[in-house]
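Structural description and commentary
Each chain, letter by letter, is given below.
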Amino acid sequence: MKQFITRLINFSLIGIIPLLAVFSTYLYFDPFKVLRHYNDYSYPYVIPNRDYISTTMFINNYKKNNYNSFILGSSRTLAFRPNSWRVYLSPKDTPFLFDASNESIYGIYTKLKYLDLHKVEIKNALLLLCRDASFSNTKNHKGHLFIKHPATSGEGNIAFQFVFFKAYLSPKFLFNFYCYKILGTYKPFMVGYIENRKITYDTLTNEINVIDQETEIIQNPAEYYAKRKNLFYERTGEKTDSLQRITKKHIFMLQEIKRILNKNNTKYKVVLSPLYDQVKFNPSDLSLLKKEFGNNLYDFTGKNSFTDNITNYYETNHFRPRVGDRILKLIYK
Amino acid sequence: MLFNSLNFAIFFPIVFILYWFATKKNLRLQNILLLVSSYVFYASWDWRFMFLLVFSTFLDYFTGIKIFEATNNKKKLFWLWLSIGINLGFLGVFKYYNFFAASFAEGLTQIGFKANFGSLQVILPVGISFYTFHGLSYVLDLYKKRITPERNFINYSVFVSFFPLLVAGPIERATHLLPQVLKKREFNYSKAVDGLRQILWGLFKKIVIADNCAEYANTIFNNSADYSGSTLVLGALFFTFQIYCDFSGYSDIALGTARLFGIDLLRNFAFPYFSRDIAEFWRRWHISLSSWFKDYLYIPLGGSKCGIWMKIRNTFIIFLVSGFWHGANWTFIVWGFLNALYIMPSIVLNTHRKNLDIVAKGRCLPTIKEFLAVGWTFCLTVFAWIFFRAADVPHAFRYISKIFSGSLFTFPHFSGIGSAIPIVFITGIFIVIEWLGREHQYAIAQIGTKWYKPVRWAMYYSIILAIFFFAGSKQQFIYFQF
């Protein structure tokens, strides 16, 4: 027995010592900014978890700012700037961008549930739904970029933190992270791990600004799109999504979202993103959404003036704030 | 409490330390500790069903003594049927009531009557099929005078409730486990190391292979209408490895855990996907259940010692019952029926005991004949798993008809196929390791045991790292629902 215990301890120690060394560097660098308190998450050099940032910003600043208007959706909500939205709200309203990367209906539902549970006034809401992302999930994501903040998901904080430490331990991440640390500059091979863009997050509204991309387009649009010619693939006209993505679980969450919004007498709008691929929402899914949200639903999917114009996009996934501004004008006219 | 959970990682070392240190090797204390920890383990699932486990244990303990003490066969039979009736009654209510009620109502509707028997909104108590079969084997063995009753309730309860096997087997026999419960247990170093090694391999199978394959299998099966025939084949293959690694992984962890307490459990899997015919497959897949049905159903029905028609009938009965044991759904019954059909030629031709040893024993590679036989048996098994996994029988038929369409010859594609490539590669390595270790209890039982310690430990660290980096999203063990 003694020999067994000794060997087991030795085996564990040999495995744990390098792990502890790596753990201490993780504690020191806090690459995902999930360990310590930050007032401003702007200019991240490691791709962050937007859900964590949004939720933390909300928790830290709610008492001070009394947010009562919320923009919910995926990273595409960066086109819907709280400051642009403010124009359509009453002067006393304080908007907040409550987004998350690859946000699903689960994420929107849990965020609204969280607000409702904490008796936060939800006077206005702008929900952005995306054909390719909103209905891909019915539960929490497992990846470190997408996992939900424990405050909204209700899951354990230790398990949440473990996901990030595990992401840090990934050999690919360690390689890219330390290459960046040593070289001090972004290299193309770091894509997916290191953030190449200069991004700021407004400390009041959480508004996202992709400074360099927007500046580059404004200064020289021809060059911007010429450089990314391969990225913007040729489209062959409007198509309709044949896949019915909304399942029973999604319907339940949609109904709950509607219930919470109605309960709070929220003035809300639901926008279906104008995606570059020009694929229309699945007709059955669309009728399900219409049934839930009626005249509050605005469909910008498929081929239209927004999706036809390539200069409305940063790349094929994200459209620019000018699109958001025009959509706001349309839906609030 | 899942074997692959933080709770179990805390629970298990505590029980282990108490078992070997606090009890001072006192058998009575050891058994009390095992019983208490087993009940804690079970209660962590759902404490409300504890009464069922305790009642079932007490019932078989009591009827067991009564069967033994009965002065004539009539009385023996009375106590035996009382135990069987109540045990199967519980199983029937909790597991099969809704199925029978719905099927009967549907049958009446077909002939023009309207009926609604309602449904029971109860969850299935975890492990009920397993501990019920434990208890039944005990009373049946007593009736057959293979054993004498255990009069110490604690010892008997440990036999029924020993936590490594409580919720998903192996289905133990009193003749095998009870003597171990009654015998003084000494710590054995090599046995303990072997147990840890088997746990490690079981965790790898479950967390890396099964949990990852589950994600892809779920995606493909749940959206089968949208995918090509080739993708559906891939989905069936993912499920084939999911179910094997899930269940055999669980069994490995159970066997390894029990070995750390000085107890050997029955082997449950013996590399079934390397079988050369279906009869061999069933000697290697869920061995404890197959042998249970053989001993307590097939043989009492007359087994193979009667005419060919009786043999065929008995074979169909045990496969249908085995299918039904898995769950209250027609898919399992069709799966059982299909396996009975598969095995029928070897029953009729009396070749079902042809392949008793492992394929290519003592050789590195199989012969072409062996390779083809293994491949064919594997294909039949994959085909049958489609019924096992499908939501219902029409879904299975739609799935199969789509496989045998023109799209079978297209390149498979499904959402997330990119992330599946490393898992396919790891599964390939896993198959090679299983092949290399196929002559032993489990794949890595002997691999590396004679290597230098640093190399051997490096192998263990590699497996741990693989578990860490390639862990799929946590899934419930499939067999918990049975």
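Residues numbered from 1 in each chain as written. Chains lettered and ligands numbered in written order. Predicted model: local features only at pLDDT ≥ 70, side-chain atom pairs only at ≥ 80, totals over all residues. Heavy atoms only, no water.

Looking now at the overall build of chain A. Scanning chain A for helices and strands turns up 13 helices and nine strands. Over its C-alpha trace chain A gives a radius of gyration of 22 Å, about what one expects of a compact globule, namely 20 Å for 333 residues. Taken along the three principal axes of its C-alpha coordinates, chain A extends 75 × 50 × 45 Å. Within chain A, buried positions represent 51% of all 333 residues. In chain A, once contacts between residues fewer than 6 apart in sequence are set aside, the share between residues at least 24 apart is 73%. Surface exposure of chain A reaches about 15900 Å², of which carbon and sulfur atoms provide 58%. (Helix = DSSP H or I, 4+ residues; strand = E, 2+ residues; numbered from the N terminus. Rg over C-alpha atoms; globule rule 2.2 N^0.38 Å. Buried < 20%, exposed > 50% of the residue type's maximum accessible area, 1.4 Å probe, protein only. Contact = heavy atoms within 4.5 Å. Areas by Shrake-Rupley, 256 points an atom, 1.4 Å probe, with all protein chains shown as cover.)

Contacts between the two partners involve 17 residues from chain A and, on the opposite side, 21 residues from chain B. Both faces combined, the contact of chain A with chain B buries some 1700 Å², and carbon together with sulfur accounts for 78% of it. It is Met1, Phe4 and Phe11 of chain A that lose the most area in chain A upon contact with chain B, and together they represent 40% of the buried surface on that side. Linking chain A to chain B there are zero salt bridges. Across the chain A-chain B interface, the total number found is four residue pairs in polar contact (both at pLDDT 80 or more). (Buried area = accessible area lost by both parts, 1.4 Å probe. Salt bridge = Lys/Arg side-chain N within 4 Å of Asp/Glu carboxyl O. Polar contact = N/O pair within 3.5 Å; in protein donor to acceptor, adjacent residues only side chain to side chain.)

Before going further, it helps to spend a moment on the sheet that holds strand E1 (residues 69–73) of chain A. Residue and element names in this part refer to chain A. Across the sheet, which stays open at both edges, the five strands sit in the order E2-E1-E3-E7-E9 with parallel pairing between neighbours. The sheet is open, and its two edges are formed by strand E2 (95–99) and strand E9 (297–299), each paired on a single side. Each neighbouring strand pair of the sheet contributes to a mean axis angle of 15 degrees, computed without reference to strand direction. Judged from the five bridges that link them, E1 and E2 form a sheet pairing that is parallel. Residue serine 69 lies in a different strand from E2, and its bridge partner there is proline 95. Its contacts with the sheet put helix H2 (residues 50–65) on E1 and E2, and the angle it makes with E2 is roughly 150 degrees. Strand contacts of helix H13 (residues 321–331): strand E3 (124–129), strand E7 (267–272) and E9, with the helix running at about 130 degrees to E7, the strand carrying the most contacts. (Pairing = 2+ DSSP bridges. Axes fitted to C-alpha atoms, helices over the stretch in contact; angles between N-to-C directions.)

Residue and element names in this part refer to chain B. Mapping histidine 395 onto the fold places it in helix H16 (residues 393–403). According to the relative accessible area criterion, histidine 395 is buried, its value standing at 9%. Only 3.1 Å separates the side chain of histidine 395 from the side chain of serine 224, close enough to count as a polar contact. There is a polar contact of 3.0 Å between the side chain of histidine 395 and the backbone nitrogen of alanine 391. In contact with histidine 395, not counting residues within four places along its chain, are Phe221, Ser224 and Ala390.

Attention now goes to a nonpolar patch on the surface. Residue and element names in this part refer to chain A. The grouping of Ile16, Leu20, Phe23, Leu27 and Leu35 at the surface amounts to a nonpolar patch, some 390 Å² of accessible area in total. Residue position: phenylalanine 23 is located in helix H1 (residues 2–29). Among the residues examined, phenylalanine 23 registers a relative accessible area of 31% and is labelled partly exposed. (Patch = residues over 30% accessible without salt bridge, like charges linked within 9 Å, V, L, I, M, F, W, Y side chains within 5 Å.)

Our next topic: the pairing of E7 of chain A. Residue and element names in this part refer to chain A. With five of six residues buried, E7 lies mostly within the body of the structure. As judged from the six bridges shared by E3 and E7, these two strands associate in the parallel manner. Of the residues in E7, the one forming a bridge with alanine 125 is tyrosine 268. Pairing geometry for E7 and E9, over three bridges, is parallel.

Let us now look at the nonpolar core. Phe133, Tyr138, Phe204, Tyr273, Trp285 and Trp385 of chain B are the most contacted members of the largest nonpolar core, which totals 156 residues. With sequence-adjacent residues up to four places away left out, tyrosine 273 of chain B is seen in contact with Thr240, Phe241, Ile243, Tyr244, Phe281, Trp285, Val374, Phe378, Thr381 and Trp385 of chain B. (Core = buried A, V, L, I, M, F, W, Y, C linked by side-chain atoms within 4.5 Å.)

This brings us to the packing of aromatic side chains. Residue and element names in this part refer to chain B. For the structure on display, the rule yields 119 aromatic pairs over all chains. Relative to phenylalanine 293, the ring of phenylalanine 133 lies with its centre 5.8 Å away and its plane at 80 degrees, an arrangement referred to as edge-to-face. One end of the pair, phenylalanine 133, is in helix H5 (residues 128–143); the other, phenylalanine 293, is in helix H12 (residues 287–298), with 160 residues separating them in the sequence. With relative accessibility at 4%, the residue phenylalanine 293 sits in the buried group. (Phe/Tyr/Trp six-rings, centres within 6.5 Å; stacked < 30°, edge-to-face > 60°.)

Moving on, we come to the state of the cysteines. Residue and element names in this part refer to chain B. In the structure shown here, the tally under the stated rule is zero disulfides over all chains. Cysteine 213 provides the cysteine sulfur closest to cysteine 379, a residue in no disulfide bond, and the two sulfurs are 17 Å apart. The exposure class of cysteine 379 is partly exposed, given its relative accessible area of 45%. (Disulfide = S-S within 2.5 Å.)

Moving on, we come to unusual backbone geometry. Among all residues save glycine, negative phi is the norm, and among peptide bonds the norm is trans. Of note in this structure, tyrosine 43 of chain A is not a glycine but carries a positive phi near 55 degrees. Positionally, tyrosine 43 of chain A belongs in the loop between H1 and H2. Non-glycine residue alanine 360 of chain B carries a positive phi angle of around 50 degrees.

A separate point is the confidence of the model for chain B. Residue and element names in this part refer to chain B. Within chain B, residue pLDDT values average 88, and 96% of them lie at 70 or more. By mean pLDDT, the top-scoring element of chain B is helix H15 (residues 368–389) (95), and the lowest-scoring one is helix H4 (residues 73–110) (82). Two numbers describe this predicted complex: its pTM, 0.74, and its ipTM, 0.72. (pLDDT = per-residue confidence, 0-100.)

Enumeration over the complete set of coordinates arrives at 36 salt bridges over all chains. The partner of arginine 320 of chain A in a salt bridge is glutamate 214 of chain A, with the nearest N and O atoms 2.9 Å apart. One end of the pair, arginine 320 of chain A, is in the loop between helix H12 (305–308) and H13; the other, glutamate 214 of chain A, is in helix H8 (residues 211–219), with 106 residues separating them in the sequence. The burial state of arginine 320 of chain A is the same as that of glutamate 214 of chain A; both residues are buried. In this structure, the salt-bridge partner of glutamate 256 of chain A is arginine 259 of chain A, at a minimum N-O distance of 3.0 Å. Here glutamate 256 of chain A pairs with arginine 259 of chain A, and both are found in helix H10 (residues 248–263), just three residues apart, close to one helical turn. Relative accessible area serves as the criterion here: at 16%, glutamate 256 of chain A is assigned to the buried category. In the salt-bridge network here, residues are joined through shared partners; they are Lys191, Asp194, Arg197, Arg259 and Asp264 of chain B.

Counted at 1.5 Å a residue, the expected span for helix H14 (residues 330–348) of chain B with its 19 residues is 27 Å, and the 26 Å between its end C-alpha atoms agrees. Looking one or two places after H14 of chain B, you find asparagine 350 of chain B, whose phi comes out positive at around 55 degrees. (Expected span 1.5 Å × (residues − 1).)

For H8 of chain A, the set of buried residues is Gln213, Glu214 and Ile217 of chain A. Buried residues in H8 of chain A, looked at end-on, bunch into an arc of 95 degrees, giving them a common side. (Arc of directions from axis to C-beta.)

Looking now at the packing of helix H4 (residues 105–117) of chain A against H10 of chain A. All names here are of chain A. One way to put it is that H4 packs onto H10 with a least axis distance of 9 Å and a crossing angle of 30 degrees. Of the possible angle classes, the one that applies to H4 and H10 is roughly parallel. Our pair here, H4 against H10, has a crossing hand that is left-handed. For the pair formed by H4 and H10, the contact residues are Ile105, Tyr106, Ile108, Tyr109, Leu112, Lys113 and Asp116 on the first element and His250, Phe252, Met253, Leu254, Glu256, Ile257, Ile260, Leu261 and Lys263 on the second. Looking at the contact of H4 with H10 residue by residue, the class counts come to 11 nonpolar, one polar and four charged. (Parallel < 35°, antiparallel > 145°, perpendicular 65-115°, else oblique. Left-handed = near helix turned anticlockwise from the far one by under 90°. Nonpolar A, V, L, I, M, F, W, Y, C, P; charged D, E, K, R; others polar.)

Moving on: the packing of H2 of chain A against H4 of chain A. Residues and elements named next belong to chain A. Remark: H2 packs on H4, axes separated minimally by 13 Å, with the N-to-C direction vectors making an angle of 10 degrees. With respect to H4, the element H2 is oriented roughly parallel. Where H2 approaches H4, its residues Asp51, Thr55, Phe58 and Ile59 are matched on the opposing element by Lys111, Tyr114 and Leu115. Residue composition of the contact of H2 with H4, by class: four nonpolar, one polar and two charged.

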